[in-house]
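Survey of secondary and tertiary structure
Each chain, written out:
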Amino acid sequence: MLARSKHLRQPSKSPVSRGAICKLGTAEQVTHGVAYPRHFLCVSDLLGYFCGGHVRLKEVLKLVGKHLTGKIAIVTGSGRGIGKAIALRLAKAGADVVVHDENEEAPRKFGESKSLEEVAEQIRAMGQRSLALFGDLTLPQNCQRIVDAVLSEFGRIDILVNNAGGDIGAKGEKPEPNDLFIPEPDLYTVINRNLLTTVHMCRAVVPVMMRQGSGKIVNITSVAAFLALGREIAYAAAKAGIVQFTRNLAAMLRPYGINVNAIAPGDTLTGRYLATLRQRGLSEEDVKPKGRLERYGEPDDIAKVVEFFVSDWADFVTGQILVVDGGMYLCKL
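What you are looking at is a predicted structure, and each value in this text was computed from that prediction instead of being measured. (Residues numbered from 1 in each chain as written. Predicted model: local features only at pLDDT ≥ 70, side-chain atom pairs only at ≥ 80, totals over all residues. Heavy atoms only, no water.)

Focus on the pairing of strand 8 (residues 258-265)
The buried count for strand 8 comes to eight of eight residues, which makes it a mostly enclosed element. Side chains of strand 8 alternate between two faces, with Ile258, Val260, Ala262 and Ala264 and Asn259, Asn261, Ile263 and Pro265 buried alike. In this sheet, strand 8 lies alongside strand 7 (residues 215-220) in parallel orientation, the contact comprising six bridges. What sits directly across from Ile220, in strand 8, is Ile263. For the handedness criterion, the β-α-β arrangement of strand 7, helix 8 (residues 233-253) and strand 8 is classed as right-handed. (Buried < 20%, exposed > 50% of the residue type's maximum accessible area, 1.4 Å probe, protein only. Helix = DSSP H or I, 4+ residues; strand = E, 2+ residues; numbered from the N terminus. Pairing = 2+ DSSP bridges. Right-handed = clockwise from strand over helix to strand, strands pointing away.)

Observations concerning the packing of helix 4 (residues 81-92) against helix 5 (residues 116-125)
Across the interface, helix 4 lies against helix 5 with an axial gap of 9 Å and an inter-helix angle of 20°. With respect to each other, helix 4 and helix 5 are oriented roughly parallel. Judged by the twist between their axes, the crossing of helix 4 over helix 5 is right-handed. On helix 5, the residues that touch Lys84, Ala87, Leu88 and Ala91 of helix 4 are Glu118, Val119, Gln122 and Ile123. (Axes fitted to C-alpha atoms, helices over the stretch in contact; angles between N-to-C directions. Parallel < 35°, antiparallel > 145°, perpendicular 65-115°, else oblique. Left-handed = near helix turned anticlockwise from the far one by under 90°. Contact = heavy atoms within 4.5 Å.)

Re helix 4
Taking 1.5 Å of rise per residue, the 12 residues of helix 4 would be expected to cover 16 Å, and the 17 Å separating its terminal C-alpha atoms lies within 8% of that figure. Within helix 4, 11 of the 12 residues are buried, which leaves it mostly tucked inside the rest of the structure. In the segment just after helix 4, Gly94 is the residue with positive phi, at about 110°. (Expected span 1.5 Å × (residues − 1).)

Topic: the nonpolar core
Counting 31 residues, the largest nonpolar core has Ile86, Leu90, Val97, Ile263 and Val306 as the members making the most contacts within it. Of all elements in the fold, only strand 3 (72-75), helix 4, strand 4 (96-101), helix 5, strand 6 (159-162), strand 7 and helix 10 (299-310) reach the threshold of two or more residues within this core. For this core, the element with the highest residue contribution is helix 4, accounting for seven residues. Setting aside its immediate chain neighbours within four residues, Leu90 contacts Leu68, Ala73, Val75, Ala95, Val97, Ile159, Val161, Val306, Glu307 and Val310. In this structure, Leu133, Val150, Val205 and Leu253 belong to the second largest nonpolar core, which totals 27 residues. (Core = buried A, V, L, I, M, F, W, Y, C linked by side-chain atoms within 4.5 Å.)

Things to note about a nonpolar patch on the surface
Residues Leu180, Phe181 and Ile233 make up a contiguous nonpolar surface patch of roughly 360 Å² in combined accessible area. Residue placement: Phe181 occurs in the loop between strand 6 and helix 7 (184-212). (Patch = residues over 30% accessible without salt bridge, like charges linked within 9 Å, V, L, I, M, F, W, Y side chains within 5 Å. Areas by Shrake-Rupley, 256 points an atom, 1.4 Å probe, with all protein chains shown as cover. Salt bridge = Lys/Arg side-chain N within 4 Å of Asp/Glu carboxyl O.)

A short note on the packing of aromatic side chains
Within this structure, the stated rule accounts for one aromatic pair. Seen from their ring centres, Phe308 and Phe309 are 5.6 Å apart, and the 45° between their planes marks the pair as tilted. (Phe/Tyr/Trp six-rings, centres within 6.5 Å; stacked < 30°, edge-to-face > 60°.)

Examining the side chain of Thr246
Position of Thr246 relative to the elements: it lies in helix 8. Setting aside residues no more than four positions away along its own chain, Thr246 makes contact with Asn219, Val260, Asn261, Ala262 and Ile321.

As for the packing of helix 7 against helix 8
Two elements in contact, helix 7 and helix 8, have axes whose closest approach is 8 Å; the angle formed by their N-to-C orientations is 15°. In terms of orientation, helix 7 and helix 8 fall into the roughly parallel class. Along this stretch, helix 7 crosses helix 8, giving a crossing that reads as right-handed. Contacts between helix 7 and helix 8 involve Leu187, Val190, Ile191, Asn194, Leu195, Thr198, Val199, Cys202, Val206 and Met210 from the first element and Ala234, Tyr235, Ala238, Lys239, Gly241, Ile242, Phe245, Leu249 and Leu253 from the second. Looking at the contact of helix 7 with helix 8, its residues break down into 15 nonpolar, three polar and one charged. (Nonpolar A, V, L, I, M, F, W, Y, C, P; charged D, E, K, R; others polar.)

Printed below as a string of structure tokens:
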């Protein structure tokens, strides 16, 4: 336990000097009449500022944890799995989060949530605002409807996370494998569900961010975009399309101050993926971790990287595709 030194001063009622703010962070937040930096560059800055007597340590740590305060985020496909983990992590960091799923049944599909509204309630319990919206994002008009609803409620959009997607079999329609000869309707389903949902949402949100002169977009692709496994061909092609879409969109939006990046998760233990593993005959014992990196991913492993991409820490990062798989991709090259 850190003891308080008798030499530490109580928080001053006068604002912190501009020099201190420039040294420690990029923005200030006023609480109880004192201007605090929104975030700190490193632990030494944090401790130095604390020992200067401006604020109590607990208050500083709270401000650091809420570094997305004031931001409005949309996370598609956030009724369960990776999307739900992303929505909750952004809310924990201080963002107000709009959650989305295709319909009321989708969040309950694999037992990870009772409803989309339940996810929204979890966000509100953290002290953040939330809105639960449904819509099939393969239809552009639904994407525009969602954007209009968010602007009506919150007035702006700072963060878009395009997480909605999935292969055939993702909702129990078809078994694996997904090869070259899948029926044509299934082919269109996979391409539309993954690539075009991302494109349609960006087409609806980007004009808003261009008017604002700022914004962060994170697209969720997959390691399947880089591997040649001889199966899941349509899914891999759609996810590879997201990679090039992300890079080109980043180049297009660079002059507008909008960052666009993507994350390529490896095998991640969502309810949907666990159902797939059971379908392949694997047991709970088969998915137990063998080491810190030799394991299946957890949804929060992906959510942590999303938090980085949408934060001020990634202000100078755009057009990047980050593989988050514990090195699995490297071992399959």
